[in-house]
Every structure is written in structure tokens, then in C-alpha cells.
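Below, each chain spelled out in residue letters.
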Amino acid sequence: MKMRNLNTEASFANSPLNDVKMGNSTATAINDHRPKVTDWEYTYWPAFAKFIREHHLVDFTKEQLRLCEEIDLPLLKKLAYMSAEQLFELSLQSQEDLLQHVESNTLKERFEKSMKQWNDDDLKIVEQKDIAIEDFISGMQVRKQSFMKFLRLYTTDMDLALKILEEIDIHERLCLSAGTEQYLTIFRKELNKQLYFIEHITNTVPGGICIYNLDTYAFVYNNDGIYDMLNYTKDQLTNLETDILTTLVHPDDIARLQHDLANMTTLAKDEVRTIDCRVKNGHGNYIWVRAYISPFLNGINSESKIIAFITNIQEEKINAEKLKHSQEQLLEAQELANIGSYHWDIEDNVLDVTPQYLKIFEIDDISQRSEYIKRIHPADVDRVMSARDRAVNETGVFDTEYRYIVNNREKIIWSKGKVLMENDRKVMKGTIMDVTDQKYMRMRLQRSEMLYKQAEALAKVGNWTWNIAAGKLEWSDEMYRIHDMEPTQEVTYDNMREVIHPEDMEMVRTAVWGAVERAEPFDMEYRIITRENNEKALRMKARVMMDHNGKVYKMLGTVQDITKEYYYNQQIKDSRELARKIAETSPTLIALYDVNEKKFDFVNKSFETVLGYNPAVVYEQGGEFMMNIIHPEDRERIIKENDAAMQQANAHPPGEGEDEPVLDFTYRMKCSGGIYHWFHTYRTIFDRDKEGKVNYVLDISTDITKQVEAETLLMQNNTQLKQSNKSLEEFAFITSHDLKEPLRKISTFSERLSAKYQDHLDGDGRKYLDKIASSAKRMQTMIDDLMALSRLDGNDAFEKCNLNTVLSDTLSVLENKIIEKGAVVTADKLPVVSVVPIQFRQLFQNLIGNSLKFAHPEKLPAIHVSWREIDGEEVKGYNLPPHHQYIRLDFADNGIGFDQEHADKIFMTFQRLHSKSEIEGNGIGLSICRKVADNHYGIIQAEGKPGEGAVFSIIIPKNPDYVKKMSVEANQT
């Protein structure tokens, strides 16, 4: 038996509890108002559940197991294969889970999950069919009793206890209501599976029923009537030898029985045969039985099984023998009829009985009378004695039925008697009869009738009979319910025509009278409008009956309410029509392809309007058509990609709740004019067979010829642009390299001139010489910065880099200037990020150097570096992709600041906010910083206030390698 999860409300009763015990405790005082439980939420129960879980879980579990065994909970029988330790451990887990859900007020989610598992037959310990309605009702009683037992350990406050019990009751009512509905839903599902079998049963007289396999010589099914008739329990029959026939059948009857069974292979579909033989019952006695045998299912050829209705004909056989004898054998006849008679002298209390009387009561002689009176069912004793006293003292008639218990069996005894005066003495003469079989047969018949009516209601199927000659209709109860009528209302053919939908009237009339004229059955769907103005869709099946002249005189049939199915199917038809119209008007190619038959089930008109081919040609040639129009250079690639995709789809079908993947292919197809166009096809699995293999694929193809041509042109332009940029970089490098030599000579000769002729120059001469040297130096710095800016594009290898190390290196480079300025540089512990290290060193050096350069003349410079992670929501205003994670670095200083209206200007090359005489520099440093941010797919921004300082912020993706990959793919596309 497969293991299933017991953690479900459907098995809530199997939830035993804790070894730890705790003394009485008094709960905190609560308000007197009654709890209002809304949507499965509780006020007082959760704290009580927590108390049990923390202090009494083991005892609580044991108590529930004890109560389940005490009431013989049906579900426990399904768990008999488990050891006591396994059952306890499983129950302990289940109870802890239940109590935790009570604590967290999540019982609704737990219950709904359990109901879904039950509905999907996904229980881990038991199967769906193992859960009975008794498990719900008895299980909730057990759980409530267990809670009540531990309630006194939790609180002595009666008001609190009552409120807890009230919340438990509310929860049980919720569970019972939903659980009962779930049970009925599952029952409805199982009902349809049993209809064919029920049909066979209802076509036979109630009695013992079995199904026998002629190939394996084994019984496939026995009903309870077999066990009652033969006085065996189910286990006794199961434990008999393998060949039950030779074990039970009388030795003199075995050969004849085997011969008859061998001939059963010739049974026709509707044929019924009988076999009489003697069978040993549970008391060791042989009784005569008669089997009415017919093929199971549709005939012996389809399956070697027979179904038999078996009845006890022992009395029939004995009576046949006894009828040959004289009337003097009355006592034996009484025994055959299972009737005993008695004569009771009321005044002397002397009782005279027949042997059958003793047999029925299973006593040896009348001296044991007091013993058999004690065996009357306790619930019936007072009623029997009262009836006897009324007969003796008032009515003179004794007629009662009661239960009698002997040898752990219950019998139903029917006793009748009449009080007479005999020889001036009051006596009672009467009979007793063991009516156990008849009583239970009546009960079974009543139950069968009840189940039949329930089945009608559940399936919404009513039965009707129409006596055509008399014009009389007879309906079952469900027919009245379907037509919104009361069973007291009279129905005729004429007034039933009034409720048929006007649009369906002629169709119904033609079908009904056509069946009468042709003496043929019919099956049709039609609509009615009931007197309650409800429109319903019905399905009617009918057959006719003919008299000895071959004339139809009666019609029998069923009507089923299929309103939901009818209008649901109508919606499906409408949806399909809408989908077809959408597909036909779409400018894209839409095709549904049968991969097994290699043909198209559907192609839209775009095959003609876009490709220029008649759809009839596509249908006729199937997959071969597509292969013929695909460009030869693309054909082999497409075949390989398609084969690989199909192998993957067949090997790995999606799981429950998963969508089919969508694949895409790009290739060229030849139009009818001979010109090839580019197409992009999106493909998905449309249908699979029972084994999960692909049956159909859906292709949607778009003509992307113009897009491909535009992309080709764009790629050419990009290539030319890259070549131009590369030429510019080479030009910048060569130009800057060639400029360095003249500048070096200007600097060298100006230094020599100053050293040699310093004393011979007047003030203006020295001033001019200094300006020459200073200008050459600035020109040299500008060339170096331009070189640094041009080199940034060549260094694009991202790697993990500890920014703390980058900061440390930067401070080492700027150490002299930091000391000179008296600056204090602080920083958070910086992260390890994926960057281009050489570019980020340049970034740190330029930003910190910029803060030192623009220090406030009246303050010691203070610079702080901080960072944080930000998500896509924060970068929406920066024109950055919102679906990435980002790192933000902030460089804050207390320098001279700037006006915010110049925030963008400062990052432009050669742009300055101050004159060279005020602040040294050439306006390239911050341009390099922006270039670094751009190279890292991020941004840099600045915020400042004059005289208060500035904050420079760099925002880069946390995973720039991924962004770089996406950017490259986008450019390629």
C-alpha cells in the first residue's frame, strides 16, 4: 500500500497527543463578550493550542489514538499495516502541525490544502476512497473530547473554557460542512464508474452476487449477500484454499459444476443460464444454491468473466422432497419455514414449544427459557414485555418484532400470539419466526431504492414512462425537480410541450413521433423554459415498447439536466469561432501541424496573402511543402534545430502547472514569385498524447524582411562608426605623441634660458619666461589627460575588485597632497564589485583629487566615501534599466561647492567653473569620471551648494558583466 500523508483534515481523528504533564494553570482574564469568528480566525483557541503543544503534545496525541481505537474509527483499519510506533510518530507530527496552525490562525489554509490533496487523491498515507464520512464525524468528536480533557489543565475559568469550546465547535461545523461537500463531490465522481455494474445488479433479484474469472478459476468480487447466505465472514472465505469451488462444493456436484462452467464460454451477450449445486456453509452444512449466470461486461469473448446471482434454494429443495410426504410431517415443515410454535399456560406459566422454537432461539430445552429471555436486545426488552402484558390484560393480541442476540449474532424475531380461554384457563397460542434474512433484505431493498434516488439527484437524471394510448406520463421525483415542478402536479404530453423552447419545438416533435412511427430509440438535446422562467438544456434518451401486433404503445426514457455542460460547450464553440476569425484576419502566418501525420490541421489565409500560395496546396503537401520553400542555406540548420527541439520536448514534458516553452527560429522562405523573404517563427507545443509525446505544434511566423534589411544597414553603419572611432583614437594617440616632443624641448630650453640668463632679464622678461614654462607644463598635462581619456575604451575587462584596496592605493598616490592640505579622508567598509580596476583607480583618484583641489580656504578638507545597494525602482529617473540591482558610491566633501545649475557642465571636457588663476587644472578630470561610469553601464551625478561642499554619486549595475552581455546581444540583433 502506498504511503500517504496523514496531515490532513480528512484524517484529523488519527491525531494522538503528549507524555509531558503540567499542573493546573489559570488563564489570563478575558472579556465577557462572545467571540466573533470570521474567515476561520479564532480568539481564544490559539493560546490553548500553544499550551498543549508546548506542554502536553505527547499525552494529547496518545489520548486521541486511544479514543480512535475505542470507537473503532474506520480509518484506523486502513492503517493496520503500520506498527504502533509508526502510527504514534505519524500522529504526533500531525497533531503538532494542527496545533501550530491553530496558533497562527491558518487553519483555513491547512484545511483547503488537505481538501485539495483529498480531491486530487494526493494523500500520502491513505487513498482517496479510504476516507469515509464516519471519519469526519467521529474524528471531530474525538478531537473535541481530547481538547476538553486537557482544557481543565489549561484554565479553571469556566467562561474562558466555554469560549474555547465554542470556537472549536465553530471550526468543526466549518470542517464538517466543507468536508461533507468534498465527500459528496468525490462520491459523484465514483458514481459514474459504478453505473454499469449497478445496472447489472438492478436487473437481477437482490441476493448473493459474485464475479468469477473462468481463466484463473478465481472469484473477482463477492457482495455481502454471499457471506450472509453462506454464514461466512469475508476473512473466512478469503482464507480458504485457492480453489474455492472444490473446497465448498459437494463432492458429488463438482464434476457437473466444472462441466457447466466450461460450457459458459459459449454464453451469448444477453443469455442467462442456471446451475444448481450444494455448497458448504460456515456451519459445515451443505445447502442447495441456484446461480443465475450471464456474461460480465459485453460478452465472454471480450473478457472471460461471468456474473452470477446466487440464491439459497435449500428450502425449495427440501420442500420439494417434503411435499411427497404426508401432512403428519408438520414439524419438519415448520423447520423448513423457520417457524416455531408455542402454547403458554398463562396461569401456571407453563410453556410448550416445538423443536423449531428451540432451534430459532438456539437453546436445548424449554428449561432454559429464562436464559433466552435475557438474550433479548436490552433496547427491546421493555417494549416486548409491555406488549405481552397488554395482550394478556387488554387486547388479547400479541404481535411484535424484536432483536435477539446469540453467539455474538443478532437475529430479528417476529412473534405473534392470541390469548384464548381453554378449559377455563387463560392461554396464549402463537408462533415465532426468524425473519432476520427478510428484514435485512427489506433494509437492503430500501437502501438500494434510496441510493438509486440519490444517484438520480446527483447525476440530475430523471426517468419517465409515456403510455401513448392513454396519454399518461409517469415521472420520477428527479423529473419534477428538473422541470421546477412539485410531485403533486399532473403532467401530460400536451402541458409538457408548453415548456419546450420555441426554437426547439419542431425538433423535439419530429424526434418523438419519428421514434413512434419507426419504432426506434432516439437520443437528443433540447432546451426548456420552466414555469419558474429558468432556461435549461436537457438530454433525452428513449426507447419504445411494442405490443404483440408490433405497434408502439409505450415509450420509456431518461432526461438529464446538462445545462452547465450545454452552455459551456456553446461557449467553447463561440471561442473557437472567434479564434478562427482572429487567425484568418491576422497578417502573420499561423499553422497547426500534426507531427505524427506530417500534415497541417490548420493554416490561415496569410499563406496566400503573404506568401502567395493557396492553402489547399499547403494542406495537400504538408511538411514537404515547408521544406521545399525554405532557403537551401537555412534548410539543414532549421531541420537540426527542429529535431533537437522535438527530442527535448518529448524527453522533458512540462510538469503540472508549468507552461510549454516557446521556441523561435529565423530563416528565409520563398514566396510564390520566387523572391525569398526573412521570417521569424515562434513555436510552442499545442497538444501531447497520454505518454506526454508531442502530437501538435503551433507556429506563428512574421515577415521580418524589412527589419533584417534595416538591421543589416545598421550593422554596416556601426562597423563604419567603429572604424572611424578607431581611426580617431589612433589619430589622437599619434597627435599627442608628436606634440610631446616640441613641448619637451620648449620646457627644456626655457629652463636653460632661465638658468643662464635669469640675472640678465628684467622683470617683464622673467615674467614672460615663466609664462612660457607654465603654458608648456599645462599643455603637457592636458595631453596626458587626453591620452588617459582615450585609453579608457581599451580597458574593458571586468573582474571582481575590492574597492577598499582601490581606495588605499588612491590615498597612497595622493598622500603628499593630503598631508599638504591637512585633509581627513574616511570611508565605510566598501564592497567587492565587478569593475575594470584600472578605470576605477582613475575614478577614485580624480574624485578625491577634485575634492582636495576645491577645498574651502577656511576649513580643513574632510572627505567621506560611502555606499549602499539600490533596486530598480530608485534608478527609474536616471534612464537605467529597472530590472537590475545597483551599487551607489557617494564621495562627499566640505569644499567650496558649486551652484546646482552647473551640475551637468562640470562633467564636460575642458569645462571649468573657475579661472586658472583661482584653481589649477584643465577641466578633463571629471570628464574621465563620466567616461568610467559610462563604461560600467552606469551614471555619475553631482550635488553641490556654494560654500558648503559637494557630493559626487556613481551608480553602476551590481552585475555589469550581464548588462554588457545584454548590450552586445542587442547590438548584434
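All of these numbers come straight from a predicted model, not from anything done at the bench.

A. Inspection of the overall build of the protein at higher detail. Scanning the protein from N- to C-terminus turns up 32 helices and 27 strands. Residues counted as buried form 40% of the 973 residues belonging to the protein. Considering only contacts within the protein whose residues lie at least 6 apart along the sequence, 62% involve residues at least 24 apart. For the protein, the accessible surface area stands at approximately 56,300 Å², while carbon and sulfur atoms represent 51% of it.

B. Up close: the packing of aromatic side chains. Across all of its chains, the model carries 20 aromatic pairs by this definition. Measuring from centroid to centroid gives 5.5 Å for Trp45 and Phe147, while their planes differ by 80°, and the two rings are edge-to-face. Within this pair, whereas Trp45 is found in helix 1 (residues 45-55), its partner Phe147 is found in helix 6 (residues 133-154), the two being separated by 102 residues in sequence. The pair Trp45 / Phe147 is uniform in exposure class, with both members buried. Each ring, one from Tyr613 and one from Phe625, has its centre 5.1 Å from the other, and the planes form 85°; the classification is edge-to-face. Here the residue Tyr613 occupies a position in the loop between helix 22 (606-609) and helix 23 (615-621), and Phe625 occupies one in helix 24 (residues 623-629), the gap between them amounting to 12 residues. Just as Tyr613 is buried, Phe625 falls in that class too. Stacked on the ring of Trp288, the Lys or Arg Lys317 has its end atom at 4.3 Å from the ring centre.

C. Geometry of the packing of helix 30 (residues 837-853) against helix 31 (residues 925-935). At a minimum axis distance of 9 Å, the contact between helix 30 and helix 31 shows a crossing angle of 145°. Considering only the axes of helix 30 and helix 31, their crossing is left-handed. Residues Gln839, Phe840, Gln842, Leu843, Asn846, Leu847 and Asn850 of helix 30 touch helix 31, and the partners they reach there are Gly925, Leu926, Ile928, Cys929, Val932 and Asn935.

D. Representation of the pairing of strand 16 (residues 589-594) within the structure. Of all 6 residues making up strand 16, 6 are buried, and the element is well covered by its neighbours. Here strand 16 shows two buried faces, one formed by Leu589, Ala591 and Tyr593 and the other by Ile590, Leu592 and Asp594. Pairing geometry for strand 16 and strand 20 (residues 694-703), over 6 bridges, is antiparallel. Residue pairing across strands places Ala591 opposite Asp699, the latter belonging to strand 20. With 4 bridges joining them, strand 16 and strand 17 (residues 599-603) adopt antiparallel strand pairing. In the strand pairing of strand 17, Ala591 is matched with Val603. Taken together, strand 16 and the strand that follows it, strand 17, pair antiparallel across an intervening segment of 4 residues, in which Lys598 is found at a positive phi of about 55°.

E. View of the sheet that holds strand 20. With antiparallel pairing, 5 strands are arranged side by side in an open sheet as 17-16-20-19-18. Looking at strand neighbours, the two that pair on one side only are strand 17 and strand 18 (662-670), the edges of this open sheet. Going from strand to strand, the sheet's axes swing by 30° on average, the running direction of each strand aside. The sheet contact formed by strand 18 and strand 19 (residues 676-688) spans 9 bridges and is antiparallel. From the neighbouring strand, Val662 faces strand 19, where its bridge partner is Thr684.

F. Layout of the sheet that holds strand 12 (residues 472-475). The strand order across the open sheet formed by 5 strands is 12-11-15-14-13, and the pairing between neighbours is antiparallel. Here the strands that pair on one side only, and so sit at the sheet edges, are strand 12 and strand 13 (522-529). On average, each strand axis in the sheet is tilted by 25° relative to the strand beside it, whichever way the strands run. Bridging between strand 13 and strand 14 (residues 535-546) involves 8 bridges; their strand directions are antiparallel. Opposite Arg527, over in strand 14, you have Ala537 as the bridge partner. The sheet strands contacting helix 20 (residues 505-518) are strand 11 (461-467), strand 13, strand 14 and strand 15 (552-561), and the helix crosses strand 13 at an angle near 145°.

G. Focus on the confidence of the model for the protein. Per-residue confidence for the protein gives a mean pLDDT of 79; residues scoring 70 or more make up 80%. Contacts for the low-pLDDT stretch residues 1-37, under 50 throughout, to residues beyond four places or in other chains number 161 contacts. Predicted confidence is poor over residues 910-919, with pLDDT under 50, and the contacts of this stretch with residues over four places away or in other chains come to 22 contacts.

H. How the structure looks around helix 4 (residues 84-103). Taking 1.5 Å as the rise per residue, helix 4 with 20 residues should run 28 Å; its terminal C-alpha atoms sit 28 Å apart, in good agreement. Buried within helix 4 we find Leu87, Leu90, Ser91, Leu92, Ser94, Gln95, Asp97, Leu98, Leu99, His101 and Val102. Against the buried residues of helix 4 lie helix 1, helix 2 (57-70), helix 3 (74-78), helix 5 (107-119) and helix 6. Immediately beyond the C-terminal end of helix 4, within one or two residues, lies Asn105, with a positive phi of roughly 55°.

I. The arrangement of the environment of Phe150 in detail. Inspection of the secondary structure assignment puts Phe150 in helix 6. For the pair Phe150 and Phe51, spaced 99 residues apart in sequence, the C-alpha to C-alpha distance is 9.6 Å. With near-sequence residues (within four places) excluded, Phe150 lies in contact with Phe48, Phe51, Ile52, His56, Asp59, Phe60 and Glu63.

J. Highlighting the pattern of salt bridges. For the structure on display, the rule yields 43 salt bridges. As a salt-bridge pair, Glu63 and Arg66 come within 2.8 Å of each other at their nearest N and O atoms. Of this pair, Glu63 and Arg66 both sit in helix 2, 3 residues apart, roughly one helical turn. Residue Glu63 is classed as buried on the basis of its relative accessible area, which comes to 8%. Note that Lys144 and Asp169 form a salt bridge whose closest N and O atoms lie 2.7 Å from each other. Of this pair, Lys144 sits in helix 6 while Asp169 is found in helix 7 (residues 158-202), placing the two residues 25 residues apart along the sequence. Here Lys144 falls in the partly exposed class, since its relative accessible area comes to 23%. Given a relative accessible area of 22%, Asp169 falls into the partly exposed group. Taken together, the salt bridges that share partners define one network made up of Glu633, Asp634, Arg637, Glu641 and Arg668.

K. Structural view of helix 20. The terminal C-alpha atoms of helix 20, which comprises 14 residues, lie 20 Å apart, in line with the 20 Å expected from a rise of 1.5 Å per residue. Turning to helix 20, its buried residues are Val508, Ala511, Val512, Gly514, Ala515 and Val516. As for helix 20, its buried residues are in contact with strand 11, strand 13, strand 14 and strand 15. Ala519 occupies a position one or two residues after helix 20 and carries a positive phi of about 55°.

L. Quick look at the side chain of His377. Along the chain, the position of His377 falls in the loop between helix 15 (369-374) and helix 16 (378-395). Looking at His377, the relative accessible area reads 17%, which means it is buried. Setting aside its immediate chain neighbours within four residues, His377 contacts Arg403, Ile405 and Glu410.

M. Representation of the nonpolar core in the model. Trp45, Phe48, Ile52, Phe147 and Ile164 are the most contacted members of the largest nonpolar core, which has 49 residues in total. If you list the elements that add at least two residues to this core, you get helix 1, helix 2, helix 3, helix 4, helix 5, helix 6 and helix 7. Discounting residues that sit within four places of it in the chain, Phe147 has contacts with Trp45, Phe48, Ile52, Phe60, Leu99 and Ile168. Core analysis: the next-biggest nonpolar cluster, separate from the first, contains 37 residues, Cys801, Leu830, Val835 and Val932 among them.

N. Layout of unusual backbone geometry. Here Asn231, not a glycine, exhibits a phi torsion of approximately 60°, which is positive. Despite not being glycine, Asn407 shows a phi value in the positive range, around 50°. Looking at the element boundaries, Asn407 is found in the loop between strand 8 (397-406) and strand 9 (409-422).

Rules of the game
- Residues numbered from 1 in each chain as written.
- Predicted model: local features only at pLDDT ≥ 70, side-chain atom pairs only at ≥ 80, totals over all residues.
- Heavy atoms only, no water.
- Helix = DSSP H or I, 4+ residues; strand = E, 2+ residues; numbered from the N terminus.
- Buried < 20%, exposed > 50% of the residue type's maximum accessible area, 1.4 Å probe, protein only.
- Contact = heavy atoms within 4.5 Å.
- Areas by Shrake-Rupley, 256 points an atom, 1.4 Å probe, with all protein chains shown as cover.
- Phe/Tyr/Trp six-rings, centres within 6.5 Å; stacked < 30°, edge-to-face > 60°.
- Lys NZ or Arg CZ within 6 Å of the ring centre and 35° of its normal.
- Axes fitted to C-alpha atoms, helices over the stretch in contact; angles between N-to-C directions.
- Left-handed = near helix turned anticlockwise from the far one by under 90°.
- Pairing = 2+ DSSP bridges.
- pLDDT = per-residue confidence, 0-100.
- Expected span 1.5 Å × (residues − 1).
- Salt bridge = Lys/Arg side-chain N within 4 Å of Asp/Glu carboxyl O.
- Core = buried A, V, L, I, M, F, W, Y, C linked by side-chain atoms within 4.5 Å.

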